[in-house]
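Per-entry structural report
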Amino acid sequence: MGSAQGTTNRGASLPRLNSNINRVGTGFAAFLSPPGPEVIRFTVGQPDFDTPGKVVESAKASLDRGETAYTRTQGSPELCQAVSEHLTKHKIQIDANNIVVAPGCKQAVLYAMMATLDPGDEVLLLAPAWPSYDGMLKMIGAVPVHVPVKRDNYHPDFVALEAAITSKTKAIMVNSPNNPTGAVYRPDEVEQLVALAVKHDLWIIDDMIYATLVWEDYGYTSPTQFPGGKERTLTIGGWSKGWAMTGWRLGWIGCSTEVANAVKKVNASAATHVATFLMPAAITALSLEEETQMMADSFKNRRDVIYDLLDSLPGITVPKPEGAFYALCDISGTGMTDIEFANRALEEAKVQLIPGSLMQGGEGFIRISYATSMDNIKEGVRRLKLWLEGLR
Ligand SMILES: Cc1ncc(COP(=O)(O)O)c(C=O)c1O
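Residues numbered from 1 in each chain as written. Predicted model: local features only at pLDDT ≥ 70, side-chain atom pairs only at ≥ 80, totals over all residues. Heavy atoms only, no water.

Considering the overall build of the protein
Broken down by element type, the protein carries 13 helices and 12 strands. The C-alpha atoms of the protein give a radius of gyration of 22 Å, which matches the 21 Å a tight globule of 392 residues would have. For the protein, with 392 residues in total, the buried portion stands at 54%. Relative to all contacts within the protein whose residues are 6 or more apart in sequence, the contacts with residues 24 or more apart total 76%. When the accessible surface of the protein is split by element, carbon and sulfur atoms take 52% of a total near 17,000 Å². Averaging the coordinates of the 36 positive side-chain charges in the protein and doing the same for the 43 negative ones gives two points 4 Å apart. (Helix = DSSP H or I, 4+ residues; strand = E, 2+ residues; numbered from the N terminus. Rg over C-alpha atoms; globule rule 2.2 N^0.38 Å. Buried < 20%, exposed > 50% of the residue type's maximum accessible area, 1.4 Å probe, protein only. Contact = heavy atoms within 4.5 Å. Areas by Shrake-Rupley, 256 points an atom, 1.4 Å probe, with all protein chains shown as cover. Lys, Arg positive; Asp, Glu negative; His and termini not counted. Charge placed at Lys NZ, Arg CZ, Asp CG, Glu CD.)

Structure, rendered in structure tokens:
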């Protein structure tokens, strides 16, 4: 009987866990643990700014108005409208009714995958890719297929992408500006990605979370702009990076009506909605210009400084980062593996870095986040230089 079973001690035997879970990795976790204060951290992928004060005030005012009850699951009409209007700045036209606000861009990416993929479907990732994509795909029984980008500039290798497509390929994940490479794909490359998706009838899952942080003239390019792209692209972004709102857990997903209806079902089953009193704050954030521009300008300055410094390190090659706040360094010239490099940099130079092989296709690279102070940037790279020169 059920009640007897519930109280029976079954000893060491427990039901098995979800069989996909063992295949899911832990991302960067092992190299993110906070070190002592003497260590410079180039590991943390979040802005070092406080959330703009007007956003905080807006959330407080909402709480004071008592806006703490359940509300519309996809997000308030005003919030969905604000996201839809924001996206027009990136030449993306998505009706407010087809916008869903989710607890973080990360969860919005998971929604996109859950709405479009079946177990066994293959998804192209441009490798090295942000490790959460791999984990999410494995979690839902889909299959990540890591296709290396070009080693000299981290842009898509179309020959390799075409060769990786099978009858099971169902989607391609695009993330430009990119974590971990810092690459921003040119308009002609995005057009070519769309053409590939149209030719092979693939969904395009476009993670544009870093879209406001681009250091090249051509800016972020949406796949929705090109023939066949609008219907098959799920556009996903959020407030974490461009607005310094990582802890608020707010992201969006926008797509064509049929797909949006599927995403709404996922969201209604998984989250109901994001915190009601965060919705006005999210709208306030999207109305800001000065504050977000100031943060973006600051990251661009840091990019300029860190690039020149990294470029002078012995044994290290680094293409100029084009967006986001990451520099991916090829350290194979040092003769160390990336894990050895990261471990020794922490021990011997007191600098914390992410080794590339935590991501498939990232062997021989280390990721540097320059979302830290200019002083830290200068001191951290100075330490790396002294350390590397001492090894010669
Ligand atoms: C490419 C990419 N997408 C999504 C996220 C997560 O965004 P959020 O904090 O809004 O979930 C990150 C965070 O590092 C990221 O690098």
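There's plenty left to go through after this.
Things to note about the site of the ligand
Near the ligand, the surroundings consist of 13 residues, among which Asn-179, Asp-207, Tyr-210, Lys-241 and Arg-249 are the closest. A distance of 2.7 Å is found between an oxygen atom of the ligand and a side-chain nitrogen or oxygen belonging to Tyr-210. Contact between the ligand and Arg-249: an oxygen atom at 2.7 Å from a side-chain N or O atom of the residue. In the complex, 92% of the free accessible area of the ligand, which totals 400 Å², lies under the protein chains. Class assignment of the residues belonging to the shell around the ligand gives a composition of five nonpolar, four polar and four charged. (Near = heavy atom within 4 Å. Polar contact = N/O pair within 3.5 Å; in protein donor to acceptor, adjacent residues only side chain to side chain. Nonpolar A, V, L, I, M, F, W, Y, C, P; charged D, E, K, R; others polar.)

Examining the domain arrangement of the protein
Its domain assignment divides the protein into domain 1 (20-51 + 291-390) and domain 2 (67-287). The partner domain 2 presents 38 residues to the 39 residues of domain 1 that form the contact. Between domain 1 and domain 2, the buried area comes to about 3,000 Å², and carbon and sulfur atoms account for 61% of it. Considering only the surface of domain 1 that becomes buried against domain 2, Thr-51, Glu-322 and Gln-360 emerge as the three largest contributors, covering 21% of it. The interface formed by domain 1 and domain 2 holds two salt bridges in total. For the pair domain 1 and domain 2, the interface holds 17 residue pairs in polar contact (both at pLDDT 80 or more). At the level of secondary structure, the elements contributing two or more residues to the side of domain 1 that touches domain 2 comprise α11 (290-311), β9 (326-330) and β12 (365-369). A per-element tally of the side of domain 1 that touches domain 2 places α11 first, with six residues. A class-by-class count of the residues in the side of domain 1 that touches domain 2 yields 19 nonpolar, 12 polar and eight charged. (Domains from an automatic or database assignment. Buried area = accessible area lost by both parts, 1.4 Å probe. Salt bridge = Lys/Arg side-chain N within 4 Å of Asp/Glu carboxyl O.)

Comments concerning the pattern of salt bridges
Pairs may arise between side chains of opposite charge once their charged atoms sit close together. This model, assessed by the stated rule, comprises 18 salt bridges. Between Arg-232 and Asp-201 there is a salt bridge, and its shortest N-O distance comes to 3.1 Å. Of this pair, Arg-232 sits in helix α8 (residues 229-232) while Asp-201 sits in the loop between α7 (187-199) and β6 (203-207), placing them 31 residues apart in sequence. Residue Asp-201 is classed as exposed on the basis of its relative accessible area, which comes to 56%. What you see here is one network of salt bridges that share partners, running through Glu-216, Lys-300, Arg-303 and Asp-304.

Considerations on the side chain of Arg-367
Following the sequence through the fold, Arg-367 ends up in strand β12. It is Asp-207 that comes nearest to the buried, bridge-free Arg-367 among opposite-charge side chains, at 11 Å. A polar atom in the side chain of Arg-367 sits 2.8 Å from the side chain of Asn-179. Apart from the residues within four sequence positions on either side, Arg-367 is in contact with Phe-28, Phe-42, Thr-43, Gly-45, Asn-179, Pro-180, Tyr-326, Ala-327, Leu-328, Leu-353 and Ile-354.

Overview of the packing of helix α3 (residues 77-88) against helix α10 (residues 279-287)
One can describe the packing of α3 onto α10 by two numbers: an axis separation of 9 Å at closest approach and a directional angle of 20 degrees. Classed by the angle they form, the pair α3 and α10 counts as roughly parallel. Of the two possible hands of crossing, α3 and α10 adopt the one that is left-handed. Mapping the contact onto sequence places Glu-78, Leu-79, Ala-82, Val-83 and His-86 in α3 and Met-279, Ala-282, Ile-283 and Leu-286 in α10. Tallied by class, the residues present in the contact of α3 with α10 amount to seven nonpolar, one polar and one charged. (Axes fitted to C-alpha atoms, helices over the stretch in contact; angles between N-to-C directions. Parallel < 35°, antiparallel > 145°, perpendicular 65-115°, else oblique. Left-handed = near helix turned anticlockwise from the far one by under 90°.)

Remarks on the sheet that holds strand β3 (residues 122-127)
Taken in spatial order, the seven strands line up as β2-β8-β7-β6-β5-β3-β4 in an open sheet, and their pairing is mixed. Only two strands of the sheet have a single partner each, and these edge strands are β2 (99-102) and β4 (143-148). Averaged over neighbouring strand pairs, the angle between their axes works out to 20 degrees when direction is ignored. Contacts between α3 and the sheet are confined to β2, β7 (233-238) and β8 (251-254), with β2 contributing the most and set at about 110 degrees to the helix. (Pairing = 2+ DSSP bridges.)

Details of the side chain of Asp-206
With respect to the secondary-structure elements, Asp-206 resides in strand β6. The side chain of Asp-206 sits in the buried core without any salt bridge; Lys-91 is the nearest counter-charge, 13 Å away. Here Asp-206 is in contact with Val-174, Tyr-220, Pro-223, Thr-233, Leu-234, Thr-235 and Ile-236, once residues within four sequence places are set aside.

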